[in-house]
Amino acid sequence: AFLYFVKQSCDIVVLETGLGGREDATNVIKTAVLCVLASISMDHMAFLGDTLGKIAYEKAGIIKEKCPVVTIRQASEAMEVIRRVCEERHSPLSVMDPAEIRGVRYGIEKQRFSYGGFDRLEISMAGTWQVENAALAVCAAKELDHSGFPVTEKQLRRGLMETGWKGRFTVLAKRPYFIIDGAHNRDAALRLAESVKFYFTNKKIITIMGILKDKEDEEVAAIMTPLATQVLTVTTPNNARALPAITLAETVR
């Protein structure tokens, strides 16, 4: 992929890390225009560490010397680590505070908000947390603009509206609503549950659940099960990491 980017003479590459940052393969890149850190939660603990601080330290490994950094306001333990790494590498830090988002109108088909001097921005992705992610993207775009990569308001609005993220509260059908979400850890499950309760208050909910055995199956089941009138468990086919449906059913029960 890196050779392809070089051959294409890309103006800018959006490069997402794998598990983490410090020892991630993507760190063969030694310079960057901007580093963006989304919400950090407990995930991949076997590789990244068993505390939020340790995981944040690994994630902060993408931060390059004197490279601007944009992040959402994190839990205090993670925020402290990010600030420290930025200071060590002389990298200016911008923090997107969700409390500064205004005029939010939630919806399954379209959502609207105002942030960063822009009014009535719209996204087509569902999920209550996607408004925060979009505001972080606005913050990143403004930082790119300051770094010599002009982003017009028209481009910003179009980019937000046309962005899709399959597998994150994705609507597959509407009568009845059939929604798929790849929530695979405690934090993602909490966000998913928040959206289910928000969008489908007093609705009958049937949950189809399948989890890999190296994920937090008990935590995810504990969060999602109380919302459903019925839970159907499945085994991911042809996957050695899949938790057997019968085992997950016992956890749910």
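Residues numbered from 1 in each chain as written. Predicted model: local features only at pLDDT ≥ 70, side-chain atom pairs only at ≥ 80, totals over all residues. Heavy atoms only, no water.

### Some remarks on the pattern of salt bridges
Right, so step 1: Taken as a whole and assessed by the stated rule, the structure comprises 14 salt bridges.
Right, so step 2: For K174, the salt bridge goes to E109, with nearest N and O atoms at 3.0 Å. Within this pair, whereas K174 is found in strand β7 (residues 170-174), its partner E109 is found in the loop between β4 (102-105) and β5 (111-115), the two being separated by 65 residues in sequence.
Right, so step 3: The class of E109 is partly exposed, set by a relative accessible area of 44%. (Salt bridge = Lys/Arg side-chain N within 4 Å of Asp/Glu carboxyl O. Helix = DSSP H or I, 4+ residues; strand = E, 2+ residues; numbered from the N terminus. Buried < 20%, exposed > 50% of the residue type's maximum accessible area, 1.4 Å probe, protein only.)

### Regarding the sheet that holds strand β3 (residues 93-96)
Right, so step 1: Read from one edge of the open sheet, 3 strands run β1-β2-β3, paired in parallel fashion. The two strands at the open ends of the sheet, each matched to only one other strand, are β1 (35-37) and β3. The mean angle between the axes of side-by-side strands here comes to 15 degrees, regardless of whether they run parallel or antiparallel.
Right, so step 2: Of the strand pairs in this sheet, β1 and strand β2 (residues 69-72) are connected by 3 bridges, and their pairing is parallel. Among the inter-strand pairings, L37 is bridged to a residue of β2, identified as T71.
Right, so step 3: Against the sheet, helix α5 (residues 130-146) makes contact with β1, β2 and β3, and its axis sits at roughly 165 degrees relative to β2, the strand it touches most. (Pairing = 2+ DSSP bridges. Axes fitted to C-alpha atoms, helices over the stretch in contact; angles between N-to-C directions. Contact = heavy atoms within 4.5 Å.)

### As for the sheet that holds β4
Right, so step 1: Pairing within the open sheet is antiparallel, and its 3 strands lie in the order β4-β5-β6. One side of each edge strand has no neighbouring strand; the edge strands of this open sheet are β4 and β6 (118-123). Taken over all neighbouring pairs, the strand axes of this sheet differ in orientation by 20 degrees on average, direction set aside.
Right, so step 2: Relative to β5, α5 is tilted by about 45 degrees, and along the sheet it contacts β4, β5 and β6.
Right, so step 3: Across the sheet, helix α6 (residues 153-162) touches β5 and β6, and the angle it forms with β6 is around 30 degrees.

### With respect to the packing of helix α3 (residues 52-59) against helix α4 (residues 76-88)
Right, so step 1: It is the contact of α3 with α4, at a shortest axis distance of 8 Å, that shows an interaxial angle of 35 degrees. The handedness of the crossing between α3 and α4 is right-handed. For the pair formed by α3 and α4, the contact residues are L52, G53, A56 and Y57 on the first element and E77, A78, V81, R84 and V85 on the second. (Left-handed = near helix turned anticlockwise from the far one by under 90°.)

### Looking at the packing of aromatic side chains
Right, so step 1: Per the stated rule, a full pass over the model turns up 6 aromatic pairs.
Right, so step 2: Aromatic pair Y4 and F5: ring centres 6.4 Å apart, planes at 65 degrees, arrangement edge-to-face.
Right, so step 3: Among the residues examined, F5 registers a relative accessible area of 27% and is labelled partly exposed.
Right, so step 4: Relative to Y199, the ring of F169 has its centre 5.5 Å away and its plane inclined at 35 degrees; by these criteria the two rings are tilted. Of this pair, F169 sits in the loop between α6 and β7 while Y199 sits in helix α7 (residues 186-199), placing them 30 residues apart in sequence. For the pair F169 and Y199, a shared accessibility class is recorded, and that class is buried.
Right, so step 5: Among the aromatic residues, those joined into a cluster by ring pairs are Y106, W129, F169, F198 and Y199.
Right, so step 6: Positioned above the aromatic ring of W165, the side-chain terminus of R168 is 5.2 Å from the ring centre. (Phe/Tyr/Trp six-rings, centres within 6.5 Å; stacked < 30°, edge-to-face > 60°. Lys NZ or Arg CZ within 6 Å of the ring centre and 35° of its normal.)

### Re the side chain of Q74
Right, so step 1: Assignment of secondary structure puts Q74 in the loop between β2 and α4.
Right, so step 2: Judged by its relative accessible area of 8%, Q74 falls in the buried class.
Right, so step 3: At 2.9 Å, the side chain of Q74 and the backbone nitrogen of I40 are in polar contact.
Right, so step 4: If sequence neighbours within four positions are ignored, Q74 has contacts with L37, A38, S39, I40, M79 and I82. (Polar contact = N/O pair within 3.5 Å; in protein donor to acceptor, adjacent residues only side chain to side chain.)

### So, the pairing of strand β8 (residues 177-180)
Right, so step 1: Alignment of β7 against β8, held across 4 bridges, turns out to be antiparallel. Directly across from T170, in β8, lies its bridge partner I180.
Right, so step 2: Linking β7 back to β8 in an antiparallel pair, the connection comprises 2 residues.

### Some points on the environment of H184
Right, so step 1: By secondary structure assignment, the location of H184 is in the loop between β8 and α7.
Right, so step 2: The exposure class assigned to H184 is partly exposed, which follows from its relative accessible area of 26%.
Right, so step 3: C-alpha separation for the pair H184 and D217, spaced 33 residues apart in sequence, amounts to 8.3 Å.

No statement about biological role is implied by the geometric values presented.
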